[in-house]
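These are the residues of each chain, in order.
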Amino acid sequence: MNSKKSVLVVGVGSIGERHVRCFGNTGRAEISICEINPELRKKVAERYSPAHAFASLDDGLNAKPDAVFICAPADLHIPMALRAAAANVNLLIEKPLSINLNGIAELRREVAQRNLVAIVAYTYRYHPVLSAMRDAIRSGRFGEPVECVAVWGQHFPFYRPAYRQIYYRSRATGGGAIQDSITHAVNAAEWLVGPIDALVADAGHQVLDGVEVEDTVHVIARHGNVMGSYSLNQYQAPNESFITVVCTKGTARMEFHNCRWMWATEPGAPWNIEPSKMLERDDLFTAQANGLLDLLEGKAPPRCTLNDGEQTLRTNMATLASVENRAWQKLADL
């Protein structure tokens, strides 16, 4: 018997193709693809030899996969997820969950009634080093968290040269730095210190050519009693990302670009660096794929549930609203 889980990847642009490749790296999945663009469908099929290459979502769902991984633009996530849930197929949904709250309550009901797995693929929740730092914070060894600070930056055109032609160019399809990039930092921070309940934000288009969406974001937030600060730009030369959690008895910091975390508990003392090894770019996505397959096999809990994904979606929406009206936003009001 074939013990591999059958996974249908819907949409095989840049991120979809990466998921096809990284699920293949696990050796644990039978992969099919669904892509409406015939040239792209043919290219990816020739490159990875999937079990099937479907031209429509209905054809893919009719093959009864164990799970569908929705990698289409964000405005299509919920409509596609509802169709998959109606076909009794487990759901893996790329981030962000959506661009608004339309259909999410209905999807949650469908998932619950049919006892389906449904998660949102925020990749950093599968980072082994971030997981180790989270475990240390949650153990209480540094006391209670009181502040969380994230500073992220990279040269987006270097890493995503096609950004002008893809979903990124429009907020309506999940583009811009708020929905596409700083959402990763916010979701990771919420995993570390709990959900954001209020925020105020500023954002602007500073540098990137060929688009009008924001490429720079600053957010001040409240995670209950924890104060948060998040900043990101998409044009600096160095690729650097930090998350620092300051607690009552110590401080922990994750350096994503160096693939390490560190801690300090004594004033004036140097950082204590925890040993770790560098990850190649696909390693994190392969770790995520293994985590998702473990979930489907009942071997592990979900890292980012629909509720978690909706929470981060609300921070995206609140950030966009705050940029427009220059005021604090309470997420409960959305």
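Look up: the structure comes first, before these words.
Every value quoted in this text rests on a predicted model; they were computed, and no experiment measured them. (Residues numbered from 1 in each chain as written. Predicted model: local features only at pLDDT ≥ 70, side-chain atom pairs only at ≥ 80, totals over all residues. Heavy atoms only, no water.)

Trainee: So what's going on with the overall build of the protein chain? Residues and values would help.
Mentor: Looking only at helices and strands, one finds 10 helices and 15 strands in the protein chain. For 334 residues, the compact-globule estimate of 2.2 N^0.38 gives 20 Å, and the protein chain sits close to it at 20 Å. Looking at the 334 residues of the protein chain, the share that counts as buried comes to 53%. Carbon together with sulfur atoms contributes 50% to the accessible area of the protein chain, which is approximately 15000 Å² in total. Looking at charge distribution, the protein chain has the averaged site of its 34 positive side-chain charges lying 3 Å from that of its 36 negative ones. (Helix = DSSP H or I, 4+ residues; strand = E, 2+ residues; numbered from the N terminus. Rg over C-alpha atoms; globule rule 2.2 N^0.38 Å. Buried < 20%, exposed > 50% of the residue type's maximum accessible area, 1.4 Å probe, protein only. Areas by Shrake-Rupley, 256 points an atom, 1.4 Å probe, with all protein chains shown as cover. Lys, Arg positive; Asp, Glu negative; His and termini not counted. Charge placed at Lys NZ, Arg CZ, Asp CG, Glu CD.)

Trainee: Lay out the environment of Tyr 159 in plain terms, naming residues and giving numbers.
Mentor: Assignment of secondary structure puts Tyr 159 in helix α7 (residues 156-159). With a relative accessible area of 28%, Tyr 159 lands in the partly exposed category. Tyr 159 sits 33 residues away from Leu 192 along the chain, and the two C-alpha atoms are 27 Å apart. Setting aside its immediate chain neighbours within four residues, Tyr 159 contacts Gln 154, Asn 239 and Arg 281. (Contact = heavy atoms within 4.5 Å.)

Trainee: Residues and numbers for the pairing of strand β12 (residues 251-255), please.
Mentor: Most of β12 sits out of view: 4 of its 5 residues are buried. Bridging between strand β11 (residues 235-247) and β12 involves 5 bridges; their strand directions are antiparallel. By the bridge assignment for β12, Val 245 is matched with Ala 252. Between the antiparallel neighbours β11 and β12 lie 3 residues. Alignment of β12 against strand β13 (residues 260-264), held across 5 bridges, turns out to be antiparallel. By the bridge assignment, Thr 251 is partnered in β13 with Ala 264. Taking the residues between adjacent antiparallel strands as the criterion, β12 and β13 are bridged by 4 residues, where Cys 259 takes a positive phi near 50°. (Pairing = 2+ DSSP bridges.)

Trainee: A description of the nonpolar core should follow, citing residues and the corresponding values.
Mentor: Most often, soluble globular proteins have nonpolar side chains that are buried together. Met 133, Tyr 230, Ile 243, Val 245 and Trp 261 are the most contacted members of the largest nonpolar core, which has 48 residues in total. Examining the composition of this core, we find that 10 residues originate from one element, helix α8 (residues 176-193), more than from any other. In this structure, Trp 261 is in contact with Val 129, Ala 132, Met 133, Ala 136, Arg 141, Phe 142, Ala 252, Arg 253, Met 254, Asn 272, Ile 273 and Glu 274, ignoring residues within four places of it in sequence. (Core = buried A, V, L, I, M, F, W, Y, C linked by side-chain atoms within 4.5 Å.)

Trainee: Please give an account of the pattern of salt bridges that cites residues and values.
Mentor: Pairing is possible between side chains of opposite charge, provided their charged atoms come close. Under the counting rule described, the total for this entry stands at 17 salt bridges. In this structure, Arg 28 engages Glu 297 in a salt bridge whose closest nitrogen and oxygen atoms are separated by 3.0 Å. Taken as a pair, Arg 28 in the loop between α1 (14-26) and β2 (29-34) and Glu 297 in the loop between α9 (281-296) and α10 (306-325) lie far apart in primary sequence, 269 residues in all. The residue Glu 255 makes a salt bridge to Arg 260 at a minimum N-O spacing of 2.8 Å. On the basis of relative accessibility, which here comes to 7%, the residue Glu 255 falls in the buried class. Owing to a relative accessible area of 25%, Arg 260 belongs among the partly exposed residues under this scheme. The structure contains a network of salt bridges with shared partners spanning Arg 28, Asp 294, Glu 297 and Lys 299. (Salt bridge = Lys/Arg side-chain N within 4 Å of Asp/Glu carboxyl O.)

Trainee: Account for the packing of α8 against α10, naming residues and giving values.
Mentor: Direction vectors running N to C along α8 and α10 enclose 125°, while the axes themselves pass 10 Å from each other. With respect to their mutual orientation, α8 and α10 come out oblique. The way α8 lies across α10 gives a crossing that is right-handed. Together, Ile 178, Gln 179, Thr 183, Val 186, Asn 187 and Glu 190 of α8 and Asp 308, Gln 311, Thr 312, Thr 315, Asn 316, Thr 319, Leu 320 and Val 323 of α10 make up the contact between the two elements. In terms of residue class, the contact of α8 with α10 is made up of 4 nonpolar, 8 polar and 2 charged. (Axes fitted to C-alpha atoms, helices over the stretch in contact; angles between N-to-C directions. Parallel < 35°, antiparallel > 145°, perpendicular 65-115°, else oblique. Left-handed = near helix turned anticlockwise from the far one by under 90°. Nonpolar A, V, L, I, M, F, W, Y, C, P; charged D, E, K, R; others polar.)

Trainee: Go over the sheet that holds strand β10 (residues 226-233), please, and point to the residues and values.
Mentor: Ordered in space as β14-β13-β12-β11-β7-β10-β9-β8-β15, the 9 strands form an open sheet in which the pairing is mixed. Each edge of the open sheet is held by one strand with a lone partner, namely β14 (272-273) and β15 (329-330). Bridge analysis of strand β7 (residues 145-155) against β11 gives 9 bridges, and the strand direction is antiparallel. Its bridge partner lying in β11, Val 149 is registered against Thr 244. Where α8 meets the sheet, its contacts fall on β7, β8 (198-204), β9 (216-223), β10 and β11, and the angle it forms with β9 comes to roughly 25°.

Trainee: Can you tell me about the sheet that holds strand β6 (residues 118-121), naming the residues and giving the values?
Mentor: Read across the sheet, 6 strands follow the order β3-β2-β1-β4-β5-β6 without closing on themselves; strand pairing throughout is parallel. The open sheet has two free edges, formed respectively by β3 (53-54) and β6, since each of these has just one partner strand. Pairing between strand β1 (residues 5-10) and β2: 6 bridges, direction parallel. Paired with Ser 6 across the two strands is Glu 30, which belongs to β2.

Trainee: Describe the pairing of β10, listing the residues and the values that go with them.
Mentor: The sheet contact formed by β7 and β10 spans 7 bridges and is parallel. Looking across to β10, one finds that Val 151 is bridged to Ser 231. The sheet contact formed by β9 and β10 spans 8 bridges and is antiparallel. If you follow Ile 220 over to β10, its bridge partner there is Ser 229. Hairpin connection from β9 to β10: 2 residues lie between these consecutive antiparallel strands, with Gly 224 at a positive phi of about 65°.

Trainee: Mind laying out the state of the cysteines, listing which residues take part and the relevant values?
Mentor: Scanning all chains against the criterion turns up 0 disulfides. In this structure Cys 259 is not part of a disulfide, and its nearest cysteine sulfur, from Cys 22, lies 15 Å away. (Disulfide = S-S within 2.5 Å.)

Purely spatial values, then, with no claim about function.
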